[in-house]
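Geometric and topological summary
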Amino acid sequence: MDDLTVTLIPGRNQEREAVLERARREWADIIHSNSGARYAWDGIADFDEDLLILESPEEQLLGALSFCTRYGDEKNIYVSRIGVIQDHRGYGKRLMQEVAKIAAGKGQGIVALPTAEGQRLFCRIGMRLRPRGSRYEPEYAFTPDEAKRFAEDRLTGPVLEVKGYQK
Ligand SMILES: CC(C)(COP(=O)(O)OP(=O)(O)OC[C@H]1O[C@@H](n2cnc3c(N)ncnc32)[C@H](O)[C@@H]1OP(=O)(O)O)[C@@H](O)C(=O)NCCC(=O)NCCS
């Protein structure tokens, strides 16, 4: 896992345009069949949000996570989209760990609104399900302290039994 690279690309800039172009090129054959690539693509294409991209040592684009801080809730980072092109290799967790480092640096928590697949990931890494206002959509959350501990790989307990991944 250590040979993977995660890069932060804030908002709209030339680098972001270049990543979009790369995703268009590198994922041309899978964009319609691979839901991870589609989610990642939507995140890359949303220039209103900040972006993390995950790359292999060969500089292949493996996935992306888009996030933002919402007006009125500056206490949290919201993960809007996360997608990876190959499942169960620890890529999703790695992206979440990087966004947790950003949150930890600002004393923020993390909130994620998941799909079914996202739900399993967020649950496995130790995020807690909590009610979301008057609506019934589930919302997963790390408190600022939990985000910090996850960023440092110190979150323990039954939900975070990480096996099989090399760090
Ligand atoms: C959701 C997604 C990003 C997860 O990424 P991933 O790289 O497969 O997740 P990881 O390999 O880092 O897994 C982290 C943990 O979650 C578990 N996990 C992840 N996806 C899982 C799934 N679909 N079923 C069961 N467990 C899953 C892993 O087993 C792992 O647990 P472990 O560390 O205890 O072994 C990926 O499946 C994806 O891109 N899905 C399509 C897009 C999507 O639905 N995005 C979510 C939008 S909110």
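This write-up is about the structure you can find in this document. (Residues numbered from 1 in each chain as written. Predicted model: local features only at pLDDT ≥ 70, side-chain atom pairs only at ≥ 80, totals over all residues. Heavy atoms only, no water.)

A short note on the site of the ligand
- As a matter of local geometry, the ligand sits amid 25 residues, with Asp87, Gly90, Gly92, Lys93 and Arg124 nearest to it.
- The contact in question runs from an oxygen atom of the ligand to an N or O atom on the backbone of His88, over 2.8 Å.
- Within the contact set of the ligand, an oxygen atom lies 2.8 Å away from a side-chain nitrogen or oxygen of Thr115.
- Protein coverage of the free-state accessible area of the ligand, which is 900 Å², stands at 90%.
- When residues of the shell around the ligand are traced back to their parent elements, those giving at least two are α2 (35-45), β4 (73-84), α3 (91-106) and α4 (116-124).
- Here the shell around the ligand is built from residues that sort into nine nonpolar, eight polar and eight charged. (Near = heavy atom within 4 Å. Polar contact = N/O pair within 3.5 Å; in protein donor to acceptor, adjacent residues only side chain to side chain. Areas by Shrake-Rupley, 256 points an atom, 1.4 Å probe, with all protein chains shown as cover. Helix = DSSP H or I, 4+ residues; strand = E, 2+ residues; numbered from the N terminus. Nonpolar A, V, L, I, M, F, W, Y, C, P; charged D, E, K, R; others polar.)

So, the pairing of strand β2 (residues 50-55)
- Burial of β2 is extensive: five of the six residues sit out of reach of the surface.
- Inspection of the sheet shows strand β1 (residues 5-9) paired to β2 by five bridges, in the antiparallel sense. Each residue of the ladder has a partner; that of Leu8, found in β2, is Leu52.
- As judged from the six bridges shared by β2 and strand β3 (residues 61-70), these two strands associate in the antiparallel manner. From the neighbouring strand, Ile53 faces β3, where its bridge partner is Ala64.
- Remark: five residues form the turn of the hairpin made by β2 and β3, two consecutive strands paired antiparallel; Glu59 in that turn has positive phi of roughly 65°. (Buried < 20%, exposed > 50% of the residue type's maximum accessible area, 1.4 Å probe, protein only. Pairing = 2+ DSSP bridges.)

Thoughts on the pattern of salt bridges
- Taken as a whole and assessed by the stated rule, the structure comprises 11 salt bridges.
- Between Lys101 and Glu98 there is a salt bridge whose closest N-O contact spans 3.1 Å. Separated by three residues within a single helix, Lys101 and Glu98 lie in helix α3, roughly one turn from each other.
- For Lys101, a relative accessible area of 43% puts it in the partly exposed group.
- The class for Glu98 is buried, based on a relative accessible area of 15%.
- Residue Arg128 is joined to Glu146 by a salt bridge in which the shortest nitrogen-to-oxygen separation is 2.6 Å. Of this pair, Arg128 sits in strand β6 (residues 128-132) while Glu146 sits in helix α5 (residues 144-151); the two residues are 18 residues apart in sequence, bridging distant segments of the chain.
- Glu146 sits in the buried class, given a relative accessible area of 7%. (Salt bridge = Lys/Arg side-chain N within 4 Å of Asp/Glu carboxyl O.)

A look at α5
- All of the buried residues along α5 are Glu146, Ala147, Phe150 and Ala151. In an axial view of α5, the angular spread of the buried residues amounts to 135°, which keeps them on one side of the axis.
- One or two steps after α5, the chain reaches Asp153, where phi turns positive at roughly 65°. (Arc of directions from axis to C-beta.)

With respect to the packing of aromatic side chains
- Under the counting rule described, the total for this entry stands at two aromatic pairs.
- A ring pair is formed by Phe142 and Phe150, whose centres lie 5.2 Å apart and whose planes are at 35°; its orientation type is tilted.
- Judged by its relative accessible area of 2%, Phe142 falls in the buried class.
- The ring of Tyr78 is capped by Arg70, whose NZ or CZ atom sits 4.0 Å from the centre of that ring. (Phe/Tyr/Trp six-rings, centres within 6.5 Å; stacked < 30°, edge-to-face > 60°. Lys NZ or Arg CZ within 6 Å of the ring centre and 35° of its normal.)

A closer look at unusual backbone geometry
- Positive phi outside glycine occurs at Glu59, with the angle close to 65°.
- Topologically, Glu59 is positioned in the loop between β2 and β3.
- One non-glycine residue, His88, adopts positive backbone phi at about 55°.
- Take His88: it is sitting in the loop between β4 and α3.
- Classification of His88 by relative accessible area gives exposed; the value is 75%.

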